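What the coordinates show
Listed here are the chains, written in short residue letters.
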Amino acid sequence: METAIELKGITKTYKGERQAAVCNVSLKVKKGSIITLLGPSGCGKTTTLRLIAGFERPESGEISIGGKLMAGEKTWVSAEKRKIGMVFQDYALFPHLNVEENIGFGYRGKDKKERVQEVLEMVNLLGFEHKGVHHLSGGQQQRVALARALAKRPEVILLDEPFSNLDTNLKQTMRNEVRRILKKANATGILVSHDQKDALAISDEIVVMKGGIIQQKGSPRKIYQFPNNAFVAGFVGESNMMEGTVEPGKRWIRTDIGRIPCNQYHIISEGEKILISLRPNGFQLAEDGEIEGNVETYSYVGEYLEARISVTTQKKEKTSLLVYLHPNETVQQGDLLKFRVSANFVSVVKN
Ligand code: ADP
Ligand code: MG
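A brief structural summary. Each chain has its residues counted from 1, running along the sequence as written. Think of it this way: whatever chain is written first is A, whatever ligand is written first is 1, and the rest follow in order. Only residues with pLDDT of at least 70 get local features here, since the model is predicted, and only at 80 or more are side-chain atom pairs given and counted; chain-wide, interface and lining totals rely on the full set of residues. Each side-chain value is worked out from all heavy atoms of the structure, with water and hydrogens disregarded.

Next up on the list: the overall build of the protein chain. Within the protein chain, the regular secondary structure consists of 8 helices and 20 strands. Across its three principal directions, the C-alpha atoms of the protein chain cover 75 × 50 × 40 Å. Should any heavy atoms of two residues lie within 4.5 Å, those residues are counted as being in contact. Considering only residue pairs separated by 6 or more positions, the protein chain has 65% of its internal contacts joining residues 24 or more positions apart. Accessible area for the protein chain stands at about 17,700 Å²; split by element, carbon and sulfur atoms hold 47% of it. Under the DSSP-based scheme used, a helix requires at least four consecutive residues in state H or I and a strand at least two consecutive residues in state E, with every element numbered from the N terminus. A 1.4 Å probe and the Shrake-Rupley method give the accessible areas. Residues count as covered only by the protein chains that appear here.

The following block contains the structure:
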């Protein structure tokens, strides 16, 4: 697979700051793929995008786009000369220009008229050419911003928090739309988001960051099912973390609250002490369940019933588990519940 972007050991420290905003980041992005930099506010996502775009210069490391070196010890290619399209968080459209003028802005090719039509068709805005951008809805403005970024046929499209200004329903539509449009344009997309759901839904690959450092990179499924550490397990979805010892046969983990099944036997050894992550949706109510506890609190959130279950450990201490029950279940505070745990929702976390 061809590589569209490569970062090798990129570090960036802002002037006057002691800590690096981005620290020794290495990353390869395949041509045509969509990746999301995911992490809490301040973890270095925007800085990484700005480094790729050429708005910031790294103090060490190398950045290549389309196999060509853009930034390195002795190399610097300015932002205008990089084949990058950028969609800013607030879209940054020109309010006094109409849709067509916004999209064509800065386009130097002779085929401007045709190209604008092409990208308008891609983003489903044919017929909107002469509308002022202030008459458009949030979703339509985002389509215009994306069309403008695509018009120049860049090698890479960068999108900073593209869905943060949209309400929940529109967000879901636009996630699918942005993915469809990027794939249709055969563009490589790098998104920035602090929202795990957006990242899971739109990406081919997710890069989880914390404190300027990459924590884990992988497909949405892999990141969710097999988080590398407690931070990833807690940031991408909710998780119950617990210590345990691998039992002989390696199919069960003995923990303080009972035995937990595990199907990652190939990466653990008998008697090993490990940390496991147990997703709240991995519990099923069962008469013969080995894990039992009392309902401490619960709330109905529509898709499921979110419950805190108070469990007494073998050392007679109290611990609590976050459990998602089927929304049709009715429980009362204090109810004693027994659960079976599905191994598919259990993962070994290497800390
Ligand atoms: P994110 O996009 O993940 O929220 P940023 O890349 O914006 O994070 O910021 C990473 C870190 O760098 C934060 O600690 C932030 O305060 C700091 N930072 C960002 N921009 C600047 C700047 N222009 N000058 C100084 N510090 C900055
Ligand atoms: Mg940011």
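There is more to say after this.
Before going further, it helps to spend a moment on the sheet that holds strand E3 (residues 34–38). What makes two strands pair is DSSP finding at least two bridges between them. Ordered in space as E6-E7-E8-E3-E9-E10, the 6 strands form an open sheet in which the pairing is mixed. Two strands lie at the open edges of the sheet, namely strand E6 (84–87) and strand E10 (213–218), each paired on one side alone. Pairwise comparison of adjacent strand axes, ignoring direction, gives a mean angle of 20° for this sheet. In terms of strand pairing, strand E7 (residues 156–160) meets strand E8 (residues 188–193) through 5 bridges, oriented parallel. Bridged to Asp-160 within E8 is Val-192. Along the sheet, helix H4 (residues 138–151) makes contact with E6 and E7, crossing E6 at roughly 170°. Every axis corresponds to a line fitted to the C-alpha atoms, with the helix fit spanning only the stretch in contact, and the corresponding angles, defined between N-to-C directions, vary from 0 to 180 degrees.

Below, the discussion takes up the site of ligand 1. Inspection of the region around ligand 1 gives Tyr-14, Glu-17, Ala-21, Pro-40, Ser-41, Gly-42, Cys-43, Gly-44, Lys-45, Thr-46 and Thr-47 as its neighbouring residues. Contact between ligand 1 and Cys-43: an oxygen atom at 3.1 Å from a main-chain N or O atom of the residue. In protein, a polar contact requires one atom able to donate a hydrogen and another able to accept it; more generally it is a pair of N or O atoms within 3.5 Å, and residues adjacent in sequence count only if both atoms are side-chain atoms. Here Thr-47 contributes a side-chain N or O atom positioned 2.5 Å from an oxygen atom of ligand 1. Coverage of ligand 1 by the protein amounts to 58% of the 560 Å² it exposes when considered alone. Following the grouping adopted for this structure description, the nonpolar residues are Ala, Val, Leu, Ile, Met, Phe, Trp, Tyr, Cys and Pro, the charged ones are Asp, Glu, Lys and Arg, and the polar ones are all others, Gly among them. The residue makeup of the shell around ligand 1, split by class, is 4 nonpolar, 5 polar and 2 charged. Whether a residue is near a molecule or strand is decided by its heavy atoms; if any one of them lies within 4 Å of it, the residue is near.

Another aspect to go through is the pairing of strand E12 (residues 252–255). Across the two faces of E12 the burial differs, with Ile-253 and Thr-255 buried and Trp-252 and Arg-254 not buried at all. Hairpin connection, strand E11 (residues 240–246) to E12: the antiparallel pair is bridged by 5 residues, and Gly-249 has positive phi, about 95°. Judged from the 4 bridges that link them, E12 and strand E13 (residues 258–261) form a sheet pairing that is antiparallel. Each bridged residue has a counterpart across the sheet, and for Ile-253 the counterpart in E13 is Ile-260. Two successive antiparallel strands, E12 and E13, enclose a turn made up of 2 residues. Relative accessibility decides the category of a residue: with a 1.4 Å probe and only protein chains considered, values under 20% of the type maximum give buried, values over 50% give exposed, and everything between is partly exposed.

For helix H5 (residues 168–184), spanning 17 residues, the distance from its first C-alpha to its last is 24 Å, which sits close to the expected 24 Å at 1.5 Å a residue. Of the positions making up H5, those classed as buried are Lys-171, Met-174, Arg-175, Glu-177, Val-178, Ile-181 and Leu-182. Looking at the buried positions of H5, the neighbouring elements they touch are E3, helix H3 (112–122), H4, E7, E8 and helix H6 (196–202). Immediately downstream of H5, the backbone of Asn-186 shows phi near 60°, a positive value. A helix's residues, less one, multiplied by 1.5 Å, set its expected span.

Turning next to the pairing of strand E16 (residues 291–300). Summarising the sheet, E16 and strand E19 (residues 336–341) pair through 4 bridges and their orientation is antiparallel. Of the residues in E19, the one forming a bridge with Gly-293 is Leu-337. By the bridge criterion, 6 bridges tie E16 to strand E17 (residues 305–312) in an arrangement that is antiparallel. The partner of Tyr-300 across the bridge, within E17, is Leu-305. Hairpin connection between E16 and E17: a loop of 4 residues separates the two successive antiparallel strands, and Gly-302 in this loop has a positive phi of roughly 90°.

Taken in spatial order, the 5 strands of this open sheet run E15-E19-E16-E17-E18, and their pairing is antiparallel. Each edge of the open sheet carries a strand with a single partner, namely strand E15 (283–285) and strand E18 (318–325). For this sheet, the mean inter-axis angle between neighbouring strands, taken without regard to orientation, is 45°. Strand direction decides the pairing type here: E15 and E19, joined by 3 bridges, are antiparallel. Looking across to E19, one finds that Phe-283 is bridged to Val-341.

As a further point, take the packing of aromatic side chains. Each Phe, Tyr or Trp ring, with Trp reduced to its six-membered ring, pairs with another whose centre is within 6.5 Å; inter-plane angles below 30 degrees give stacked pairs, above 60 give edge-to-face pairs, and intermediate values give tilted ones. Within the structure shown, the criterion is met by 4 aromatic pairs. On the numbers, 5.6 Å between centres and 15° between planes, the contact of Phe-231 with Phe-235 is stacked. Linking Phe-231 with Phe-235, this pair stays in helix H8 (residues 230–235), spanning 4 residues, or about one helical turn. The class for Phe-231 is partly exposed, based on a relative accessible area of 21%. Ring geometry for Tyr-304 against Tyr-324: centres 3.9 Å apart, planes inclined by 20°, an arrangement best described as stacked. With a gap of 20 residues between them, Tyr-304 in the loop between E16 and E17 and Tyr-324 in strand E18 connect regions that are remote in the sequence.

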